[in-house]
2 protein chains.
Amino acid sequence: MSDELMTIRQMCEAFDVTPRTLRFYEARELIFPERRGQHRLYDRRDRARLILILRGKRFGFSLEQIRQLLELYEPGSGNRAQIAATIAIARDRLDDMERQYAELREAIVELKSQLTDAETRLAAVPDDATLEQPTG
Amino acid sequence: MSDELMTIRQMCEAFDVTPRTLRFYEARELIFPERRGQHRLYDRRDRARLILILRGKRFGFSLEQIRQLLELYEPGSGNRAQIAATIAIARDRLDDMERQYAELREAIVELKSQLTDAETRLAAVPDDATLEQPTG
DNA sequence: GGCCAAGTTGACGTGAACGTAAGCAAGACG
DNA sequence: CGTCTTGCTTACGTTCACGTCAACTTGGCC
């Protein structure tokens with residue numbers, strides 16, 4: 001079942017994006033679907049890239065940062081200096097992600113602690129305390 | 001030295017934000033500095049909240065989501081239903097963060113792998129290969 | 001041959017999170 | 001007294017990542 005090429009509609013349903021979004025990513029040079037006449041056709045490579053794009057977005061990267069990162073996943077597309085530059089950019093992104101990873105862990109621990117406190121407070125509040133003043 | 005109250009300028013330097021940003025956060029009800037006459041004065045509570053705001057932003061949360069989360073850190077500010085609602089929202093955020101944490105780990109592993117591959121390719125490319133065709 | 005549905009381009013609109021600029025108040029300083 | 005700095009409010013501008021809409025082409029179908 002059309003394992004190779006997908007229309008824009010199929011892509012939209014598969015990845016929960018709009019046609020506008022896919023054309024936008026193409027305009028920003030993040031994906032390069034074939035053109036059968038007027039129509040776009042997306043292959044496995046495009047789908048793989050889209051998955052990386054959507055993931056990158058969830059991590060808060062801009063489309064331009066993602067575009068640069070995608071070059072790393074697309075080998076053979078440049079000379080030595082080009083490859084080296086891509087690697088440097090990817091290292092920076094990796095650092096960002098590892099920082100964010102550590103920070104996220106801290107935040108999760110703190111939030112859990114606050115949640116526990118709040119649940120304790122909730123259990124301590126009598127049901128009819130709605131109209132009382134907290135502490136003067 | 002001024003451990004208690006800070007002017008907007010001092011806040012901006014301390015947290016690397018602009019006055020516009022601090023006033024914006026206040027308009028969105030994320031911080032509530034005192035008003036000594038016309039001027040704003042920020043205390044330790046405001047600074048703690050600002051730290052949480054900036055961190056939340058790094059995780060990709062909207063200011064509205066952050067505002068709701070901050071209620072969790074500000075006890076005694078509501079009735080039972082209010083507290084329960086805040087807890088529910090915080091649980092959702094916590095789930096988001098834990099999902100993001102796991103996904104981030106995956107992405108880091110993959111990116112590291114791609115980086116290794118790219119470095120191998122870089123080492124394999126002769127210095128004068130700039131004008132050659134990759135693989136026909 | 002006419003019509004609809006799907007797809008395309010191009011232009012403009014939108015919401016979030018600020019930036020920028022204009023104009024005013026108020027204390028400090030010479 | 002003037003003016004300088006700091007801060008305030010109001011309002012409009014900006015960037016990013018799309019949404020929306022109009023007008024066009026294309027393919028299928030009766």
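Rules used throughout
- Residues numbered from 1 in each chain as written.
- Chains lettered and ligands numbered in written order.
- Predicted model: local features only at pLDDT ≥ 70, side-chain atom pairs only at ≥ 80, totals over all residues.
- Heavy atoms only, no water.
- Near = heavy atom within 4 Å.
- Polar contact = N/O pair within 3.5 Å; in protein donor to acceptor, adjacent residues only side chain to side chain.
- Helix = DSSP H or I, 4+ residues; strand = E, 2+ residues; numbered from the N terminus.
- Nonpolar A, V, L, I, M, F, W, Y, C, P; charged D, E, K, R; others polar.
- Buried < 20%, exposed > 50% of the residue type's maximum accessible area, 1.4 Å probe, protein only.
- Least-squares fit on C-alpha atoms with pLDDT ≥ 70 in both.
- Contact = heavy atoms within 4.5 Å.
- Core = buried A, V, L, I, M, F, W, Y, C linked by side-chain atoms within 4.5 Å.
- Arc of directions from axis to C-beta.

With an unreviewed UniProt entry as reference, chain A is termed DNA-binding transcriptional regulator, MerR family, source organism Paracoccus tibetensis.

Caption draft 1: Structural detail: the protein's contact with DNA strand D. Taken together, 18 residues sit near DNA strand D, with Thr18 and Tyr25 of chain A together with Arg9, Arg35 and Arg40 of chain B positioned nearest. At 3.2 Å, a side-chain N or O of arginine 20 of chain A approaches a base oxygen of DNA strand D. Of all the secondary structure elements, the ones that give two or more residues to the surface near DNA strand D are helix H2 (19-27) of chain A together with helix H1 (8-15), helix H2 (19-27) and strand E2 (39-41) of chain B. Of the residues forming the surface near DNA strand D, the biggest block, four residues, is contributed by H2 of chain A. A breakdown of the residues in the surface near DNA strand D according to their chemical character gives four nonpolar, six polar and eight charged.

Caption draft 2: Molecular detail of the environment of leucine 122 of chain B. By the element assignment, leucine 122 of chain B lies in helix H5 (residues 80-124). Residue leucine 122 of chain B is classed as buried on the basis of its relative accessible area, which comes to 17%.

Caption draft 3: The relation of the copies chain B and chain A, seen in detail. It takes a turn of 180° to lay chain B on chain A, together with a shift of 0.0 Å along the axis; the resulting RMSD is 0.0 Å. As the rotation angle and translation indicate, the two copies are arranged about a two-fold axis. Across chain B, the smallest distance between a C-alpha and the rotation axis is recorded for glycine 60 of chain B, namely 2.9 Å. A share of 100% of interface residues in chain B that are also interface residues in chain A marks the association as one of identical surfaces.

Caption draft 4: Representation of the nonpolar core in the model. Within the largest apolar cluster, 68 residues are counted, with the highest numbers of intra-cluster contacts made by Leu22 and Ile53 of chain A together with Leu22 and Ile53 of chain B. Those residues in contact with leucine 22 of chain B, other than ones at most four positions away along the chain, are Ile8, Met11, Cys12, Val17, Ile31, Tyr42 and Leu50 of chain B.

Caption draft 5: Up close: helix H4 (residues 63-73) of chain A. Taken together, the buried positions of H4 of chain A are occupied by Leu63, Ile66, Leu69, Leu70 and Leu72 of chain A. All buried residues of H4 of chain A fall inside an arc of 145° around its axis, so they share one side. In this structure, the buried side of H4 of chain A is in contact with H2, helix H3 (44-58) and helix H5 (80-124) of chain A together with H5 of chain B.

Caption draft 6: Inspection of unusual backbone geometry at higher detail. Residue and element names in this part refer to chain A. Positive phi is not limited to glycine here, since aspartate 16 has a value of about 55°. Its place among the elements puts aspartate 16 in the loop between helix H1 (8-15) and H2. Among the residues examined, aspartate 16 registers a relative accessible area of 72% and is labelled exposed. With a phi angle near 65°, glutamate 29 is a residue other than glycine that sits in the positive phi range. Residue glutamate 29 is classed as partly exposed on the basis of its relative accessible area, which comes to 48%.

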